[in-house]
Amino acid sequence: MDLHNLTAHEVGDLLRRREVSAVEVTEAMLERIEVVDGRVRAFLTRTAEQALEQARAVDAARARGEDPGILAGVPMALKDNLCTEGVRTTCASRMLAEWIPPYDATVVNRLKKAGAVILGKLNMDEFAMGSSTENSSFFPTRNPWDLERVPGGSSGGSVAAVAAGEAYYTLGSDTGGSIRQPASFCGVVGMKPTYGRVSRYGLVAFASSLDQIGPVTRDVTDCALVLGVIAGHDPLDSTSADVPVPDYRATLWPDIKGLKIGIPREYFGTGIEPEVENVVRRAINKLEELGAVCEETSLPHTEYALPAYYLVAPAEASSNLARYDGVGFGLRVPGRDIVEMYMNTRSQGFGPEVKRRIMLGTYALSSGYYDACYLKALKVRTLILKDFENAFTKYDVLATPTSPTVAFRLGEKAGDPLAMYLSDLCTIPINMAGLPAISLPCGFSQGLPVGLQLIGKAFDEATLLRVAYAFEQATEYHRRRPELGVA
Amino acid sequence: MEYEAVIGLEVHVELKTNAKAFCSCTTAFGGEPNTHVCPVCLGLPGVLPVINRRVVEFGLKTALALNCQVASFCKFDRKNYYYPDLPKNYQISQYDLPLARGGYLTINVDGKERVIGITRVHMEEDAGKLIHVDSPDGGYSLVDYNRTGVPLLEIVSEPDLRSPAEARAYMEKLRTILQYLDVSDCKMEEGSLRCDANVSVRPRGSQTFGTKTEVKNLNSFRSLQRALEYEIERQIAILESGGRVEQATMAWDESRNVTYVMRTKEEAQDYRYFPDPDLVPLEIDAAWIERVRRELPELPDARCRRLIEDYGLPAYDAGVITSSRDLADYFDRVVALYPDAKTVSNWLMGDFLRLLNAADLEPRQSPVPPEELASLLQLQKDGTISGKIAKQVLEEMFASGKGARQIVEEKGLVQISDEAALTRIVEEVLAANPSVVEDYRNGKEKALGYLVGQVMKATKGKANPSLVNRLLKERL
Ligand SMILES: [Zn+2]
């Protein structure tokens, strides 16, 4: 049995039945990483010793007759912008290359309580800025389906690790599509929950009003399970919502008869590859076959989402990243005085994309431009939210492509930031509106995965999961695994 | 030409909540550097602030005491600037939607009452402290983050103040109110109360404002008054010589007694304020405001009026007594036991405050509790001890912490009113001082005082003075 080909809930069942031990699964996973990560390069930091210790603790609990839960003992890994006590958290930046947080993020805490076995920290675009994981200060991660292509970004490491069988599930963060776009590129399930559904405490901030942590999994059931562990109110995050968390797995019900699905035409506009559009339209037909009522609709302000996003996100980022100055923690490059030290540290610590966004954001907030840039963007944001609210008076969910293209080649867009920004066209409006959305594999184009994006009402992740589950049960795409040229 | 000053003050008050504004670290003053810190107040990557509701509560109290309109909806903003003791390189503050606006307080200068407008009251967090170390290769700085995240209120006045004396009176009145509210230690030497002053001058009678300068970080009443005096003179001198005042941020050099330019208008900072996305806006409902309003203590102006009306105290006495909540509380407790308010006020304003100041204590820390002061006054009133002895006993009470009665008994200070015993002593004194007796009889009134003194000396001050006077006169 190839343990690494299973899903988290399948491994969880084996563990519960004590057909394998958590230590065995963990050792198998560590070996798998050893075999494939030289090609995929998903991991920035491996924590084998800690993982084995956590696995032993789960085995001991089960030996005592306890049931620590379905995900206990199942190996997973974390995007490297989630703080882990005692384990370096780099954000794939030279700025934090050696930084070891003294605390765990709330999601890490919750995972540990659920018996998670944490294999390590995963590569990403520096400070989560990018759409290809080529902006990592350390090395790019590769798409397991085609090693010459990008895995997407910024959670490229999180997504590639799941696709390559190096972890049963991972966590990523999604500011403008950073979970869903790579999930689409790598043929896995990725969800951005409603803003406020999952505590951001311990997530190194990129753009605080847009960031959200979410699961990356092999199937919808795993997505439901992981979301159930990490969701819920956290007194340490005042933007986290005090809304009850349903038992998501129990709501997975492959019956979507009569469910109303809106198909916003703006998401099928220019820039979408014809084959990607075909795959997505066939997926929508499948949903209709399953009994859903699909209907074209319009979200008229969609075209303004991207420019507005590129004012709001950099504005917040410019402020959030001001703390990396060489004074208290992280990289320090000396200078003759404090100002020169600041400048040397920030010049050498940040990569070009981060600098670009800091400059954009600083400009957007500066006096004289605030009203024309930042404030205008906030108004656009309100219009985008109203579009969605309007649509959700008629529809239960909306369905769109996750990305207008399949995974592109390494280096193909690296020199053209605007082309890179366009790859998040379909995901950005959802962050601007704070809504939940999921990307799931819905077919292939040129042998590469294509993602279907489902968008839901605020805090209605359950309906998203249900629709995704119905589609998944009726198709086989989620069972395909990349070859990777290894046994 | 005659000029008048136009002054507005921005006062920063450190709130004495137990916990910091956005985390649960202690706000205790001092402590080993960097011991009162956590990831949140250090601004480590990934942390989030959560507002401490006590901070809002203290802000509300202050706003209501200053007659402000409290906002039902306010938010926090980020004020972005780089400074090594500011961990996040932005300060969480409030910009366009502050906690409260539009209040006032009254001051009294040279018997003239003035109403000074309060523009706004807002909440923000404090920064840390830099410790500069000299060394042969140019020196370096250490950062102590213990104070980062300590809650501050900023109270901004209208430009209604017209002289350094008024500015000082405003600041003193504000401190008194804050002390009554018990929201701050108001210790200027520890930085828990400090202010920036906006100051301009204009020809008397003019309605337009002159160009203002801002004098930063005035941390004593004395420096406030002297810096303003200097700055006003400086600006007048510029105008008199035909020059123009440059808009600038100034600092006060305490040792040289001058203000100097820190930044000019051209170098003004762009703080790039924007709403802090980590903190949800704050909704303050009417019920919350009402609850805080009901819990407000009696404030100095009301208390001063009560002392005048209920006890018939002179306005001056009432002003001194109520200038400190502590002293006023003490006064009330003494008067409850010894209802001669004027006598109590005399004692408090006199020996009591003198002894307290000498020991650098607040009335509440007095080694003489109000009950003991009342019993001391009672002992004097019923003739057990003389006024002079009473002063001695009070000093003894301060020094030893013993009760009045105990000291009087232990030291045998009970007044001698026994006529037979005193007569004997009086006769001895007269016999011993024939020449003084002679002087008196020749019309030297002063000689009587000397003889009284001798009797007092012989009785160690315990003789009843009026009895001594009568006995002496009878025999002279
Ligand atoms: Zn703290």
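As the structure is a computational prediction, the values presented were derived from the model and not from experiment.

Peer 1: Help me understand the overall build of chain B in this model?
Peer 2: Tallying secondary structure elements over chain B gives 15 helices and 16 strands in all. Its C-alpha atoms give chain B a radius of gyration of 30 Å, more than 25% over the compact-globule value 23 Å for 476 residues. Along the first, second and third principal axes, the C-alpha atoms of chain B reach 90 × 60 × 55 Å. Residue pairs in contact within chain B that sit at least 24 positions apart in sequence constitute 69% of those at least 6 positions apart. For chain B, the accessible surface area stands at approximately 22300 Å², while carbon and sulfur atoms represent 49% of it. Across chain B, the mean location of the 60 positive side-chain charges is 3 Å away from that of the 71 negative side-chain charges.

Peer 1: I'm lost on the coordination of the zinc ion in this one. Help?
Peer 2: Each donor-metal-donor angle in an ideal tetrahedron of four donors is 109.5 degrees, and each such angle in an ideal octahedron of six donors is either 90 or 180 degrees. Residue and element names in this part refer to chain B. The zinc ion binds to the protein through Cys23 (SG), Cys25 (SG), Cys38 (SG) and Cys41 (SG), with metal-donor distances spanning 2.3 to 2.4 Å. Viewed at the metal, the 4 donor atoms of the zinc ion are separated by angles of 99 to 115°, and the geometry they form is tetrahedral. Sequence spacing of the donors to the zinc ion: C-x1-C-x12-C-x2-C. A residue pair is termed long-range when its members are at least 10 positions apart, and Cys23 in the loop between β1 (3-14) and α1 (53-65) and Cys41 in the loop between β1 and α1 qualify at 18 residues. For the pair formed by Cys23 and Cys41, the shared burial category is buried.

Peer 1: What exactly am I supposed to notice about helix α5 (residues 300-311) of chain B here?
Peer 2: In an α-helix there are 3.6 residues to a turn, and that puts residues three or four apart on one side. Residue and element names in this part refer to chain B. The end-to-end C-alpha separation of α5 is 16 Å, in line with the 16 Å expected for 12 residues at 1.5 Å each. Considered for burial, the residues of α5 that qualify are Pro300, Arg303, Cys304 and Leu307. Each buried residue of α5 lies within a common arc of 105° when the element is viewed along its axis, so the set occupies one face. Projecting away from the buried face of α5 at angles above 90 degrees are the exposed residues Glu309 and Asp310. Positive phi shows up at Gly312, right after α5, with a value of about 65°.

Peer 1: Got a minute to help me understand helix α10 (residues 387-400) of chain B in this structure?
Peer 2: Residue and element names in this part refer to chain B. Helix length check: α10 (14 residues) gives 20 Å between terminal C-alpha atoms against 20 Å at 1.5 Å per residue, within 8%. Listed as buried for α10 are Ile389, Ala390, Val393, Leu394, Met397 and Phe398. Structurally, α10 contributes buried residues whose contacts are with α8 (341-359), α9 (370-381) and α11 (404-410). Backbone geometry just after α10 places Gly401 at a positive phi near 75°.

Peer 1: I would appreciate a short explanation of the environment of Tyr310 of chain A in the present structure.
Peer 2: Residue and element names in this part refer to chain A. With respect to the secondary-structure elements, Tyr310 resides in helix α9 (residues 302-320). For the pair formed by Tyr310 and Thr221, sequence separation is 89 residues and the distance between their alpha carbons is 34 Å. Beyond its immediate chain neighbours, meaning those up to four positions away, Tyr310 contacts Arg357, Leu360, Tyr421 and Ile428.

Peer 1: Mind showing me how you'd approach the sheet that holds strand β5 (residues 90-93) of chain B here?
Peer 2: Two pairing modes exist for strands in a sheet, parallel and antiparallel, and in both the strands are linked by backbone hydrogen bonds. All names here are of chain B. Strand order in the open sheet formed by 3 strands is β5-β4-β15, with antiparallel pairing between adjacent strands. Pairing within the sheet leaves two strands with one partner each, and these edge strands are β5 and β15 (274-275). Pairing between strand β4 (residues 77-80) and β5: 4 bridges, direction antiparallel. Among the inter-strand pairings, Asp77 is bridged to a residue of β5, identified as Ser93.

Peer 1: Please clarify how the UniProt feature "domain: Amidase" (unreviewed entry) in chain A should be interpreted in this entry.
Peer 2: Using the residue numbers shown here, the UniProt feature "domain: Amidase" (unreviewed entry) corresponds to residues 24-465 of chain A. Counted over residues 24-465 of chain A, helix gives 38% and strand 14%. Its end C-alpha atoms are 31 Å apart.

Peer 1: Please clarify how the packing of aromatic side chains should be interpreted in this entry.
Peer 2: The relation between two aromatic rings is expressed through the spacing of the ring centres and the mutual angle of the planes. Applying the stated criterion across every chain yields a total of 24 aromatic pairs over all chains. On the numbers, 5.8 Å between centres and 85° between planes, the contact of Tyr324 of chain A with Phe329 of chain A is edge-to-face. When sorted by exposure, Tyr324 of chain A lands in the same class as Phe329 of chain A, which is buried. Between the aromatic rings of Phe22 of chain B and Phe76 of chain B, the centroid separation amounts to 5.6 Å while the plane-to-plane angle is 85°, which identifies the pairing as edge-to-face. A residue pair is termed long-range when its members are at least 10 positions apart, and Phe22 of chain B in the loop between β1 and α1 and Phe76 of chain B in the loop between β3 (73-74) and β4 qualify at 54 residues. This pair shows no difference in class: Phe22 of chain B is buried, exactly as Phe76 of chain B is. Of the aromatic side chains, those joined through ring pairs into one cluster are Trp99, Phe127, Tyr324, Phe329 and Phe350 of chain A. The ring of Phe138 of chain A is capped by Arg88 of chain A, whose NZ or CZ atom sits 5.9 Å from the centre of that ring. Here the basic side chain of Arg281 of chain A rests over the ring of Phe268 of chain A, its NZ or CZ set 4.2 Å away from the ring centre.

Peer 1: Can you help me understand the UniProt feature "active site" (unreviewed entry) in chain A in this one?
Peer 2: Residues and elements named next belong to chain A. Sequence positions flagged by UniProt for "active site" (unreviewed entry) are, in local numbering, Lys79, Ser154 and Ser178. Look at the named residues: they lie 100 residues apart in sequence, but the longest C-alpha span between them is just 11.0 Å, so in the fold they bunch up. In this structure, Lys79 sits in strand β2 (residues 75-79). Discounting residues that sit within four places of it in the chain, Lys79 has contacts with Lys121, Leu122, Met124, Ala128, Ser154, Ser155, Ser158, Leu171, Gly172, Ser173 and Ser178. Here Ser154 lies in the loop between β3 (117-122) and α5 (156-163). Excluding its chain neighbours within four sequence positions, the residues that come into contact with Ser154 are Lys79, Asn123, Met124, Asp125, Ala128, Met129, Gly130, Thr133, Ser173 and Ser178.

Peer 1: Explain the pairing of strand β11 (residues 448-456) of chain A to me, please; I cannot follow it from the model alone.
Peer 2: Strand residues, when the strand is regular, have side chains that alternate between the two faces of the sheet. All names here are of chain A. Most of β11 is tucked away: 9 of the 9 residues are buried. In this sheet, β11 lies alongside strand β9 (residues 397-401) in antiparallel orientation, the contact comprising 5 bridges. Directly across from Leu398, in β11, lies its bridge partner Ile455. Looking at chain direction, strand β10 (residues 437-445) and β11 are connected through 8 bridges and run antiparallel. The partner of Ser445 across the bridge, within β11, is Leu448.

Peer 1: I keep staring at the interface of chain B and chain A and nothing clicks. Help me out?
Peer 2: It is common to report an interface's size as the accessible area lost on association of the parts. Contacts between the two partners involve 30 residues from chain B and, on the opposite side, 39 residues from chain A. At the surface where chain B touches chain A, the tally comes to 1 salt bridge. In this structure, Asp278 of chain B and Arg200 of chain A form a salt bridge, with 3.2 Å as the shortest nitrogen-oxygen distance. Here chain B is connected to chain A by 16 residue pairs in polar contact (both at pLDDT 80 or more). Of all the elements in the fold, those that place two or more residues in the side of chain B that touches chain A are β4 and β15 of chain B. Residue composition of the side of chain B that touches chain A, grouped by class: 21 nonpolar, 4 polar and 5 charged.

Peer 1: Any chance you could explain the environment of Gly434 of chain A here in plain terms?
Peer 2: Residues and elements named next belong to chain A. Here Gly434 lies in the loop between α14 (428-433) and β10. Separated by 242 residues in the primary sequence, Gly434 and Lys192 have C-alpha atoms spaced 9.3 Å apart. Once you skip the residues sitting within four places of it in the chain, Gly434 turns out to touch Lys192, Thr194 and Tyr195.

Peer 1: I keep staring at the packing of helix α14 (residues 446-458) of chain B against helix α15 (residues 465-475) of chain B and nothing clicks. Help me out?
Peer 2: Residue and element names in this part refer to chain B. With their axes 10 Å apart at the nearest point, α14 and α15 run at an angle of 125° to one another. In this view, α14 runs oblique relative to α15, as classed from their interaxial angle. Considering how the two elements wind past one another, α14 and α15 form a crossing that is right-handed. Of the residues in α15, those in contact with Leu448, Leu451, Val452, Val455 and Met456 of α14 are Pro465, Val468, Asn469, Leu472 and Lys473. Here the residues of the contact of α14 with α15 sort into 8 nonpolar, 1 polar and 1 charged.

Definitions and limits used
- Here the residue index of a chain counts from 1 through its sequence in written order.
- Here chains are named by letter from A upward and ligands by number from 1 upward, in the order in which they appear as written.
- It should be noted that, the model being predicted, local features are given only for residues of pLDDT at least 70 and side-chain atom pairs only at 80 or more, the latter also being counted only at that level, while totals for whole chains, interfaces and linings use all residues.
- Derived side-chain values reflect all non-hydrogen atoms in the structure, with water molecules and hydrogen atoms excluded from consideration.
- A run of H or I in DSSP becomes a helix once it reaches four residues, and a run of E becomes a strand once it reaches two; helices and strands are each numbered from the N terminus.
- In this description the radius of gyration comes from C-alpha coordinates, and the expected globular size is given by 2.2 Å times residues to the power 0.38.
- Residue contacts follow a heavy-atom distance rule, with two residues in contact if any of their heavy atoms lie within 4.5 Å.
- The Shrake-Rupley method, run with a 1.4 Å probe, gives the accessible areas here. Residue values count only the displayed protein chains as cover.
- For the purpose of charge, His is not counted, nor are the chain termini; Lys and Arg are scored as positive and Asp and Glu as negative.
- All charge positions are set by atom: Lys at NZ, Arg at CZ, Asp at CG, Glu at CD.
- Coordinating donors are taken to be N, O and S atoms lying within 2.8 Å of the metal, or within 3.2 Å when the metal is Na, K or Ca; because water is excluded from the atom set, some sites may appear incomplete.
- Site shape is set this way: if four donors have all angles between 85 and 135 degrees, tetrahedral; if opposite donors are over 155 degrees apart and all others between 65 and 115, square planar for four donors and octahedral for six; otherwise irregular.
- Under the scheme applied here, a residue whose accessible area is under 20% of the maximum for its type counts as buried, over 50% as exposed, and between as partly exposed, the area being computed with a 1.4 Å probe on protein chains only.
- By this rule the span expected of a helix is its residue count minus one, scaled by 1.5 Å.
- As used here, the arc is the angular range of directions from the helix axis to the C-beta atoms.
- Any two strands with at least two DSSP bridges between them are considered paired.
- UniProt positions are given in the numbering used here, feature names are shortened, and annotations may be inferred rather than shown by experiment.
- We call Phe, Tyr and Trp rings a pair once their centres come within 6.5 Å, taking the six-membered ring for Trp, and we label the pair stacked below 30 degrees between planes, edge-to-face above 60, and tilted otherwise.
- Lysine NZ or arginine CZ positioned within 6 Å of the ring centre and within 35 degrees of the ring normal marks a charge as sitting over the ring.
- Definition used for salt bridges: Asp or Glu carboxyl oxygen within 4 Å of a side-chain nitrogen of Lys or Arg.
- Residues adjacent in sequence count toward polar contacts only when both atoms are side-chain atoms; beyond that, a polar contact is any pair of N or O atoms within 3.5 Å, and within protein one must be able to donate a hydrogen and the other to accept it.
- Polar here means any residue other than Ala, Val, Leu, Ile, Met, Phe, Trp, Tyr, Cys and Pro, which are nonpolar, and Asp, Glu, Lys and Arg, which are charged; Gly is therefore polar.
- Between N-to-C directions, angles cover 0 to 180 degrees, with each direction set by a line fitted to C-alpha atoms, over the stretch in contact for helices.
- Working definition: roughly parallel below 35 degrees, roughly antiparallel above 145 degrees, roughly perpendicular at 65 to 115 degrees, and oblique for all remaining angles.
- When the near helix sits turned anticlockwise from the far one by under a right angle, the crossing is termed left-handed; a clockwise turn instead gives a right-handed crossing.

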